[in-house]
Amino acid sequence: MKVRIKTISEATGFSPATVSNALNHKKGVNQETASAIFQKAQELGYFEENKISKIKFVIYKKIGLVVENSPFFELMMAGAEAECRNLGMEMTLVYLDERRDDFKTQFAALCDAKDSAVILLGTEMEDRDIYLIRELKMPLVVIDYWNSDMSFNAVMIDNADSVRQAVRYLIGLGHRKIGYLKGNFRIRPFRSREKGYRDALLGAGIPYDEKYTVLLRPDMDGAYHDMERYLSGKPELPTAFISDNDMIGLGAMKAMFESGVRIPQDVSIIGFDDLPYSSMAYPPLTTVFVPKEEIGRVAVRRLNNIINGGDMNALKIEVCTTFRNRSSVKDLRQKQD
């Protein structure tokens, strides 16, 4: 006989509404009550009959420039898909594009998909977009976005500390004029990276100088053209730049090369992400490696724990990075060219 909400309600003494809210991970059910409901549901075999076996990997787009045409997110999705296969789950890709006229219809359809759990790629989310998270009532893990709301599960990158260490590396090599290649769409990861940049300067007693900050579009082609225009004004350049990501850094490098700025002889550059072609750039780009596939895998494993274990605790999981030292940084302590 199929185990129904009413059966669990009668066995636990909680109302059908409370049981339903707990099993659907909705707010308003305290931890003790939810745990009792999940334990009884598991004993009665509810999860075997109603087990979620599908995950929707949702790519949210506000402007598209950050998440489109980047292997970063393709590798993340590949990791999630591989982990789904390991767990015997099915993964489908869903695009949620705010620029489209049918955006509200897209989102309503996603909210109605009760047979699936969701991984939401929130890279392009702004704080006012938190409603996307609050209205999705199925098991949910958000990637690459967070805020002060502590009610949702998230997998994040250690952005601020990673950039802080990269700037300290430059300072250790004798750099004091350190600029910032700043994406003009201020997603939360970029803002955290900027904080790491400024904190490292402050910690070393180096004042922030706005003239060394260059505002660029967050895609390679846009960054190239913006940097090209910036360099045409013959600005004073710092000895090094930290870039919000590799796409921006590589676009800026191309513009510098065409303008006669030598890397790293004239200007050093450090990126962020370690995209597959960053090591093949000329010169190979020094950058911060993000374990992209592992982020996808971690998100799926977290969802699996929620689905099968009834884990109601919201976790923020921070994935650490690794510094990749290549050839785009000059040691100023060495003899000048």
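Peer 1: Please clarify how the overall build of the protein chain should be interpreted in this entry.
Peer 2: Scanning the protein chain for helices and strands turns up 12 helices and 12 strands. Contacts in the protein chain between residues at least 24 apart in sequence constitute 73% of all its contacts with a sequence separation of at least 6. A total of about 15500 Å² of accessible surface is found on the protein chain, and carbon and sulfur atoms cover 49% of it. When the 46 basic and 46 acidic side-chain charges of the protein chain are each reduced to a single mean position, those positions are 2 Å apart.

Peer 1: Sorry if this is basic, but what is going on with the pairing of strand E4 (residues 140–143) here?
Peer 2: For a regular strand, the rule is simple: side chains alternate between the two faces of the sheet. Neither face of E4 is left uncovered, since the one carrying Leu140 and Val142 and the one carrying Val141 and Ile143 both have all their residues buried. Judged from the four bridges that link them, strand E3 (residues 116–121) and E4 form a sheet pairing that is parallel. Within the sheet, the bridge partner assigned to Leu120 lies in E4 and is Val142.

Peer 1: I would appreciate a short explanation of the packing of aromatic side chains in the present structure.
Peer 2: Each aromatic ring pair is described using two quantities: the centre-to-centre distance and the angle formed by the ring planes. Overall, the coordinates contain seven aromatic pairs when judged by the stated rule. When the ring of Tyr145 is compared with that of Phe152, the centres are 6.5 Å apart and the planes differ by 15 degrees; the resulting orientation is stacked. The exposure class assigned to Phe152 is buried, which follows from its relative accessible area of 4%. The side chain of Arg198 reaches across the aromatic face of Tyr208, ending 3.8 Å from its centre. Lying over the aromatic face of Phe152, Lys316 brings its terminal NZ or CZ to 4.4 Å of the ring centre.

Peer 1: Hey, could you run me through unusual backbone geometry in this one?
Peer 2: Note: most peptide bonds trans; most residues except glycine with negative phi. Residues Ile263 and Pro264 are joined by a peptide bond in cis, for which omega reads 5 degrees. For the bond running from Tyr282 to Pro283, omega is -5 degrees, close enough to zero to count as cis. Secondary-structure assignment places Pro283 in the loop between strand E9 (268–270) and strand E10 (287–289). Positioned with a positive phi, Asp274 is a non-glycine residue whose angle comes to about 60 degrees.

Peer 1: Where do I start with empty space enclosed by the protein in this structure?
Peer 2: Once rolled over the atoms, a probe with the size of a water molecule shows which space is left empty. A complete count under the given rule lists one cavity of 30 Å³ or more for this structure. Its boundaries defined by the atoms lining it, the largest cavity holds a volume of some 130 Å³. Looking at the largest cavity, it is lined by 16 residues, and the ones nearest its centre are Val66, Phe73, Arg193, Asn245 and Asp273. Taken together, the elements giving at least two residues each to the lining of the largest cavity come down to helix H5 (71–86) and helix H9 (188–203). Residue contributions to the lining of the largest cavity peak at three residues, all from H9.

Peer 1: Whenever I open this one, the sheet that holds strand E2 (residues 90–97) confuses me. Can you help?
Peer 2: Each strand in a sheet pairs with its neighbour through backbone hydrogen bonds, running either in the same direction (parallel) or in the opposite one (antiparallel). The strand order across the open sheet formed by six strands is E2-E1-E3-E4-E5-E11, and the pairing between neighbours is parallel. The open sheet has two edge strands with one neighbour each: E2 and strand E11 (316–319). Strand after strand, the sheet turns through a mean of 20 degrees between neighbouring axes, direction not considered. On top of the sheet, H5 reaches strand E1 (54–61), E2, E3, E4 and strand E5 (153–157); it is set at about 145 degrees to E2, its chief contact. On the sheet, helix H6 (residues 103–111) packs against E1, E2 and E3 and is oriented at approximately 150 degrees with respect to E2.

Peer 1: Before we go on, may I ask you to explain the packing of helix H8 (residues 159–172) against H9 in this structure?
Peer 2: Think of two packed helices as two axes; the pair is described by the angle between the axes and how far apart they sit. Put simply, H8 and H9 touch, their axes get as near as 7 Å, and they point 35 degrees apart. Crossing of H8 against H9: the hand is right-handed. Contact with H8, carried on its side by Asn159, Ala160, Val163, Arg164, Val167, Arg168 and Ile171, involves Pro189, Ser192, Arg193, Lys195, Gly196, Tyr197, Asp199, Ala200 and Leu201 of H9 and no other residues of that element. A class-by-class count of the residues in the contact of H8 with H9 yields eight nonpolar, three polar and five charged.

Definitions and limits used
Residues numbered from 1 in each chain as written. Predicted model: local features only at pLDDT ≥ 70, side-chain atom pairs only at ≥ 80, totals over all residues. Heavy atoms only, no water. Helix = DSSP H or I, 4+ residues; strand = E, 2+ residues; numbered from the N terminus. Contact = heavy atoms within 4.5 Å. Areas by Shrake-Rupley, 256 points an atom, 1.4 Å probe, with all protein chains shown as cover. Lys, Arg positive; Asp, Glu negative; His and termini not counted. Charge placed at Lys NZ, Arg CZ, Asp CG, Glu CD. Buried < 20%, exposed > 50% of the residue type's maximum accessible area, 1.4 Å probe, protein only. Pairing = 2+ DSSP bridges. Phe/Tyr/Trp six-rings, centres within 6.5 Å; stacked < 30°, edge-to-face > 60°. Lys NZ or Arg CZ within 6 Å of the ring centre and 35° of its normal. 1 Å grid on protein atoms, 1.4 Å probe; cavity = no way out; pocket = protein on both sides within 12 Å on 5 of 7 lines; lining within 4 Å. Points joined across faces, edges and corners; volume = space filled by probe spheres on them. Axes fitted to C-alpha atoms, helices over the stretch in contact; angles between N-to-C directions. Left-handed = near helix turned anticlockwise from the far one by under 90°. Nonpolar A, V, L, I, M, F, W, Y, C, P; charged D, E, K, R; others polar.

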